[in-house]
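Fold and geometry: a report
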Amino acid sequence: QVQLVESGGGLVQAGGSLRVSCAASRRTFSSYAMGWFRQAPGKEREFVAGFSRSDGRTDYADFAKGRFTISRDNAKNTVYLQMNSLKPEDTAVYYCAARIGAGVPISESEYPYWGQGTQVTVSS
């Protein structure tokens, strides 16, 4: 019922920047919390960043603080993840997810709605 579509992934050199997008329904954007996760080959899916529109809370994983910024555009029903100073270890499939309720949980099990992901590859 809730559809999320990621885009903007690609290949970037280390130290460069990339912005990935998550297009969502207005209902999802205005009523749900949104989170970004990533999964690298051989690793578990991990929380990157998220925000709750209902309570205004924003949270980041330690590796993302100071480099990544989550933002949104109401007119386009889109959530963004701006990634700067990218490192090869940032290479992963990046997913957006949505949930009902306040707060920004970091567990993927708390998010029932998921996009299909977008590949981000950072070369050295």
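**Some words on the side chain of Thr 118**
- By the secondary structure assignment, Thr 118 is in strand 11 (residues 118–123).
- Among the polar contacts listed, one links the side chain of Thr 118 to the backbone nitrogen of Gly 9, at a separation of 3.1 Å.
- Residue contacts for Thr 118: discarding those within four places in its chain leaves Glu 6, Ser 7, Gly 8, Gly 9, Val 20, Ala 92, Val 93 and Tyr 94.

**Section: the state of the cysteines**
- In the structure shown here, the tally under the stated rule is one disulfide.
- One disulfide bridge connects Cys 22 with Cys 96, the sulfur atoms lying 2.0 Å from each other. Given an S-S torsion of about 60°, the disulfide between Cys 22 and Cys 96 has right-handed geometry. One end of the pair, Cys 22, is in strand 3 (residues 18–24); the other, Cys 96, is in strand 9 (residues 92–100), and 74 residues separate them in sequence. Accessibility classification places Cys 22 together with Cys 96 in one group, the buried group.

What counts, and where the lines are drawn
Residues numbered from 1 in each chain as written. Predicted model: local features only at pLDDT ≥ 70, side-chain atom pairs only at ≥ 80, totals over all residues. Heavy atoms only, no water. Helix = DSSP H or I, 4+ residues; strand = E, 2+ residues; numbered from the N terminus. Polar contact = N/O pair within 3.5 Å; in protein donor to acceptor, adjacent residues only side chain to side chain. Contact = heavy atoms within 4.5 Å. Disulfide = S-S within 2.5 Å. Buried < 20%, exposed > 50% of the residue type's maximum accessible area, 1.4 Å probe, protein only.

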